Amino acid sequence: MFYYLKGNAQVIDLTSIVVDCGGVGYLVYTTSSTIGKVSGKNNEEILIYTYVSVREDAFEIYGFADKAELTAFKLLISVSGIGPKAGLSILSTLSPGKLAAAIMAGDAKSISAAPGVGGKTAARVILELKDKIGKQIDSDGEVAEIPVVNNSEIKEKQRDVGDTLLALGYTRSEISKIMARLDMSKSLEDIIKDALRLLMK
């Protein structure tokens, strides 16, 4: 697939640009940050790092002015329930560095400030990316180590899972329905990820 597009910026609006590469205009959906960086460059050559989404009903290109945004976008859409539009919305609100800092600090409020992103979604972003994003994106600040939960007692794990899901807004009834389907031999973090996937079905 395309790694980047290099060509003339022909059209720039609030959510997308058109990059003319050899006479072919590629419509690229992007963030407000990238729009700001290429604004005023109509008919000038630009380079946009790309992610291509291919579905049965659509072939869409998402592009970014720098590799950090592309990396952050890929991490965001790896989170259950986060699609490309939500990924762009978050990155239009937070730069990759600020996003990394928010995730490592557990700051769901900053993430949920993005249009269309609720508290539960922000919490999932933190849960699923807190052990990944610091390895790939510099938050321009010291990042505290995240403690790893190691608890072999099944009942205590079930209680911890239940408490976490309750904090995320799920009801006791919803939690009890999926608890028996969880593999308690996994780490607490992986169990919670599995639980969220089941609850989203």
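Some words on the packing of helix α8 (residues 154–167) against helix α10 (residues 188–199)
For step 1, the next point in the chain: In contact at an axis separation of 10 Å, α8 and α10 are set at 50° when each is read in the N-to-C sense. Looking at the two axes, α8 sits oblique to α10. Here the hand of the crossing between α8 and α10 comes out right-handed. Taking contact as the criterion, the partners of Lys-157, Asp-160, Val-161, Thr-164 and Leu-165 in α8 are, on α10, Leu-188, Ile-191, Ile-192, Ala-195, Leu-196 and Leu-199.
For step 2, the next point in the chain: Tallied by class, residues from the contact of α8 with α10 come to 8 nonpolar, 1 polar and 2 charged.

Comments concerning the sheet that holds strand β5 (residues 58–64)
For step 1, the next point in the chain: Pairing is mixed around the closed barrel formed by 5 strands, whose spatial order is β1-β2-β3-β5-β4. Pairwise comparison of adjacent strand axes, ignoring direction, gives a mean angle of 55° for this sheet.
For step 2, the next point in the chain: Two strands pair when backbone bridges link them, and strand β3 (residues 24–29) and β5 are joined in this way by 2 bridges, in the parallel orientation. In the sheet register, Val-28 faces β5, and the bridge partner there is Ile-61.
For step 3, the next point in the chain: Along the sheet, helix α2 (residues 67–77) makes contact with β4 (45–55) and β5, crossing β4 at roughly 15°.

Comments concerning the environment of Gly-116
For step 1, the next point in the chain: Note on placement: Gly-116 falls in the loop between α5 (108–112) and α6 (119–129).
For step 2, the next point in the chain: Accessibility expressed as a relative area gives 84% for Gly-116, which makes it exposed.
For step 3, the next point in the chain: Sequence separation of Gly-116 and Ile-90 is 26 residues, and the distance between their C-alpha atoms is 9.0 Å.

Rules behind the numbers
- Within every chain, residues take consecutive numbers counted from 1 along the sequence as written.
- With the structure being a predicted model, the display of local features is reserved for residues of pLDDT at least 70 and the display and counting of side-chain atom pairs for 80 or more, all residues being used for whole-chain, interface and lining totals.
- Water and hydrogen atoms were dropped before computing side-chain values, which therefore reflect all heavy atoms in the structure.
- The angle between two axes is taken between their N-to-C directions and runs from 0 to 180 degrees, where each axis is a line fitted to C-alpha atoms and a helix contributes only its stretch in contact.
- Helix numbers and strand numbers start at the N terminus; a helix is a DSSP run of H or I with at least 4 residues, a strand a run of E with at least 2.
- Comment on the angle field: the value is read as roughly parallel under 35 degrees, roughly antiparallel over 145, roughly perpendicular from 65 to 115, and oblique elsewhere.
- What makes a crossing left-handed is the near helix being turned counterclockwise from the far one by less than a right angle; a clockwise turn instead makes it right-handed.
- In what follows, residue pairs with any heavy atoms lying within 4.5 Å of each other are defined as contacts.
- All residues other than Ala, Val, Leu, Ile, Met, Phe, Trp, Tyr, Cys, Pro, Asp, Glu, Lys and Arg, Gly among them, are scored as polar; the first ten of these are nonpolar and the last four charged.
- Note on pairing: two strands pair once DSSP finds at least 2 bridges between them.
- Buried means the residue's accessible area, taken with a 1.4 Å probe over protein chains only, is under 20% of the maximum for its type, while exposed means over 50%, and partly exposed covers the values in between.

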